[in-house]
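Residues per chain, in single letters:
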Amino acid sequence: MGIDTVLVVCSGNTCRSPMAAAYLRQALDEAGAPGVRVESAGLHAVPGLPAAAEAQEAVARDGLSLAEHRSRPLDEAAVAAADLILAMTRAQADELRRRFPAVAERVALWREWAAGSPLADADVPDPIGQGLADYQILARQLRREAAMLARRIAAAATGGRGTGSEGEGPRAALDAAEGRSASSEEAQAIPQPIPAPAAGGRPLRVAIGSDHAGFDLKRELIAFLEERGIEVIDVGTHDRASCDYPDYARAACAKVIAGEADRAVLICGTGIGMAIAANKVPGIRAACCTEPYSARLTRQDNDSNVLTLGARVVGPGMAREIVATWLETPFAGGRHQRRLDKIATMEREFLQGEGFTGAAGAGAHPQATPGSPAREG
Ligand SMILES: O=C[C@H](O)[C@H](O)[C@H](O)COP(=O)(O)O
């Protein structure tokens, strides 16, 4: 079977599924398959609601409009017309299969299909009630995933028709179109889009360094970054012989401070030694992360320019998730900039030898500045 119609499903059909459908339509156009219809619906949708204002604003940055979108509950007709039904969460996929057993084999998870392989956490989180920044992060993820999905769907739409027998479902059609078996390891090697380029439209440049404990993970991450079009500057170490992490923290941070790299990733056993060393360099804001949530927030709130990882703490899969999240999350600015300015002031004062006896002494204490904007959330 080919793929003529894709149905994207979430719960209320006001945030995730309309955003995902909009990005998938755009990506299919770009992938040369504009004829594939993309619909969206909600398992528990109230009919006729507009898309959430934050969802509209987030996708508008990519030239998409959800102004005409109105939520619609999922019904038999929509399900029957779809060749591929993509749920945002496992719970939704299960509910779809329960409610519409006749089309159970056409149900798949959006995120797993985008990745091309089963994921530990394949759910697309519900941004409802969150701020615009969360919608923007979701929008970037959906756009990236839509590009991957569109390539697979376009291949099935053009080359997969008639290649599968009735009842094999969309996985067989996609795999046949791509010339691979569903279990092939190649399914994990779907080309990835390039993350947002650095200023000036050039590829992002990332310095990467490790000690002996981080050497193997560094190699894996270099491949991961280069596959995504990122320019990688490897400052060493270049083998597993015991060495000292501050040397590589210093070398990578020097690249960032000199403007030769936009950011740096540093790996040691725990990630902690690298963070301590990197944070000695004025202008460096290094964050040690063990999961993607902190990676997102340290970009959003701290504008961290160095990420440190512990190869004895996180596995390669988690490390890749952390790095991808950290690279694609922008700094939120606003009140966070004020706090970064205070850190920069501390650095300046210490560099000038003033320590805590200088101007920072009084002003840095919140109680010394009643009514200061520092008291805001
Ligand atoms: O924070 C420091 C790092 O985790 C180092 O990778 C670690 O201390 C190296 O230890 P060892 O020399 O015992 O391999």
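Since the model is a prediction, treat every value here as computed from it, not as a measurement.

## Observations concerning the overall build of the chain
Working step 1: Helices and strands together make up the secondary structure of the chain, namely 14 helices and nine strands.
Working step 2: Scored against the burial criterion, the 377 residues of the chain give a buried share of 48%.
Working step 3: Counted over contacts in the chain with a minimum sequence separation of 6, partners at least 24 positions apart contribute 70%.

## A closer look at the packing of aromatic side chains
Each pair of aromatic rings is reported with the distance of its centres and the angle of its planes.
Working step 1: Taken as a whole, this structure holds zero aromatic pairs when the rule is applied.
Working step 2: A cation over an aromatic ring shows up here: arginine 263 above the ring of tryptophan 326, its NZ or CZ 4.8 Å from the ring centre.

## Concerning the confidence of the model for the chain
Working step 1: On average, residues of the chain score 84 in pLDDT, and 80% of them reach the 70 mark or higher.
Working step 2: Low pLDDT, under 50, characterises residues 159-168; the predicted model gives this stretch 14 contacts beyond four residues in sequence or across chains.

## Observations concerning the environment of glycine 259
Working step 1: The residue glycine 259 is located in the loop between helix 9 (245-257) and strand 7 (263-268) in this model.
Working step 2: For the pair formed by glycine 259 and arginine 205, sequence separation is 54 residues and the distance between their alpha carbons is 9.5 Å.

## A word on helix 9
Working step 1: Counted at 1.5 Å a residue, the expected span for helix 9 with its 13 residues is 18 Å, and the 18 Å between its end C-alpha atoms agrees.
Working step 2: Considered for burial, the residues of helix 9 that qualify are Tyr248, Ala249, Ala252, Cys253 and Val256. Buried residues along helix 9 cover an arc of 125° about the axis, so they all sit on one side.
Working step 3: If you follow the buried residues of helix 9, they end up packed against strand 5 (205-210), strand 7, helix 10 (272-278) and strand 9 (306-310).
Working step 4: Just downstream of helix 9, glycine 259 is the residue with a positive phi angle, here 80°.

## Some details on the packing of helix 11 (residues 292-300) against helix 12 (residues 316-328)
Working step 1: Remark: helix 11 packs on helix 12, axes separated minimally by 8 Å, with the N-to-C direction vectors making an angle of 20°. Our classification of the angle between helix 11 and helix 12 gives roughly parallel. For the pair helix 11 and helix 12, the sense of crossing is right-handed. Contacts between helix 11 and helix 12 involve Pro292, Ala295, Arg296, Thr298 and Arg299 on the former and, on the latter, Met318, Glu321, Ile322, Thr325 and Trp326.
Working step 2: Per-class residue counts for the contact of helix 11 with helix 12 are five nonpolar, two polar and three charged.

## Concerning the side chain of aspartate 211
Working step 1: For aspartate 211, the location among the structural elements is in the loop between strand 5 and helix 8 (215-227).
Working step 2: Of the buried charged residues, aspartate 211 lacks a salt bridge, with arginine 312 as the closest side chain of opposite charge at 6.4 Å.
Working step 3: Sequence-distant contacts of aspartate 211, defined by excluding residues within four places in its chain, comprise Thr237, Cys243, Tyr245, Tyr248, Ile267, Cys268, Gly269 and Met274.

## Describing the sheet that holds strand 7
Working step 1: One open sheet accounts for five strands, arranged 6-5-7-9-8; its pairing is parallel. Across the chains shown, the open sheet's two edge strands, defined by having one partner strand only, are strand 6 (231-234) and strand 8 (286-288). Taken over all neighbouring pairs, the strand axes of this sheet differ in orientation by 25° on average, direction set aside.
Working step 2: Across the sheet, helix 8 lies against strand 5, strand 6, strand 7 and strand 9, angled at about 165° from strand 5, the strand it touches most.
Working step 3: Against the sheet, helix 9 contacts strand 5, strand 6, strand 7 and strand 9, and its axis sits at roughly 175° relative to strand 7.

## A closer look at the pairing of strand 9
Working step 1: Summarising burial for strand 9: five of the five residues are buried, a large majority.
Working step 2: Burial along strand 9 is two-sided: Val306, Thr308 and Gly310 facing one way and Leu307 and Leu309 facing the other are all buried.
Working step 3: Here strand 7 runs beside strand 9; their pairing, made up of five bridges, is parallel. If you follow alanine 264 over to strand 9, its bridge partner there is valine 306.
Working step 4: In the sheet, strand 8 pairs with strand 9 via three bridges, with the strands oriented parallel. The residue bridging alanine 286 from the neighbouring strand is valine 306, located in strand 9.
Working step 5: The parallel pair strand 8 and strand 9 is bridged by helix 11, and the resulting crossover is right-handed.

## Describing the sheet that holds strand 4 (residues 107-109)
Working step 1: The four strands are arranged 2-1-3-4 in an open sheet whose pairing can be described as parallel. If you trace the sheet from one side to the other, it starts and ends with strand 2 (37-42) and strand 4, each paired once. On average, each strand axis in the sheet is inclined to that of its neighbour by 30°, with strand direction left out of account.
Working step 2: The pairing of strand 3 (residues 84-87) with strand 4 spans three bridges and is parallel. Along strand 4, the bridge assignment pairs alanine 87 with leucine 109.

## Section: the pattern of salt bridges
Working step 1: For the coordinates displayed, the defined rule picks out 18 salt bridges.
Working step 2: The salt bridge involving glutamate 112 is made with arginine 90; its shortest N-O contact spans 3.2 Å. Here glutamate 112, found in helix 5 (residues 110-115), pairs with arginine 90, found in helix 4 (residues 90-99); they are 22 residues apart in sequence, far enough to count as distant.
Working step 3: Judged by relative accessible area, which is 34%, arginine 90 ranks as partly exposed.
Working step 4: With a closest N to O distance of 2.9 Å, arginine 299 and aspartate 303 form a salt bridge.
Working step 5: The exposure class assigned to arginine 299 is buried, which follows from its relative accessible area of 6%.
Working step 6: Here the salt bridges do not stand alone but share partners, grouping Arg37, Glu39 and Arg72 into one network.

Here is what the cut-offs are and how they apply
- Residues numbered from 1 in each chain as written.
- Predicted model: local features only at pLDDT ≥ 70, side-chain atom pairs only at ≥ 80, totals over all residues.
- Heavy atoms only, no water.
- Helix = DSSP H or I, 4+ residues; strand = E, 2+ residues; numbered from the N terminus.
- Buried < 20%, exposed > 50% of the residue type's maximum accessible area, 1.4 Å probe, protein only.
- Contact = heavy atoms within 4.5 Å.
- Phe/Tyr/Trp six-rings, centres within 6.5 Å; stacked < 30°, edge-to-face > 60°.
- Lys NZ or Arg CZ within 6 Å of the ring centre and 35° of its normal.
- pLDDT = per-residue confidence, 0-100.
- Expected span 1.5 Å × (residues − 1).
- Arc of directions from axis to C-beta.
- Axes fitted to C-alpha atoms, helices over the stretch in contact; angles between N-to-C directions.
- Parallel < 35°, antiparallel > 145°, perpendicular 65-115°, else oblique.
- Left-handed = near helix turned anticlockwise from the far one by under 90°.
- Nonpolar A, V, L, I, M, F, W, Y, C, P; charged D, E, K, R; others polar.
- Lys, Arg positive; Asp, Glu negative; His and termini not counted.
- Salt bridge = Lys/Arg side-chain N within 4 Å of Asp/Glu carboxyl O.
- Pairing = 2+ DSSP bridges.
- Right-handed = clockwise from strand over helix to strand, strands pointing away.

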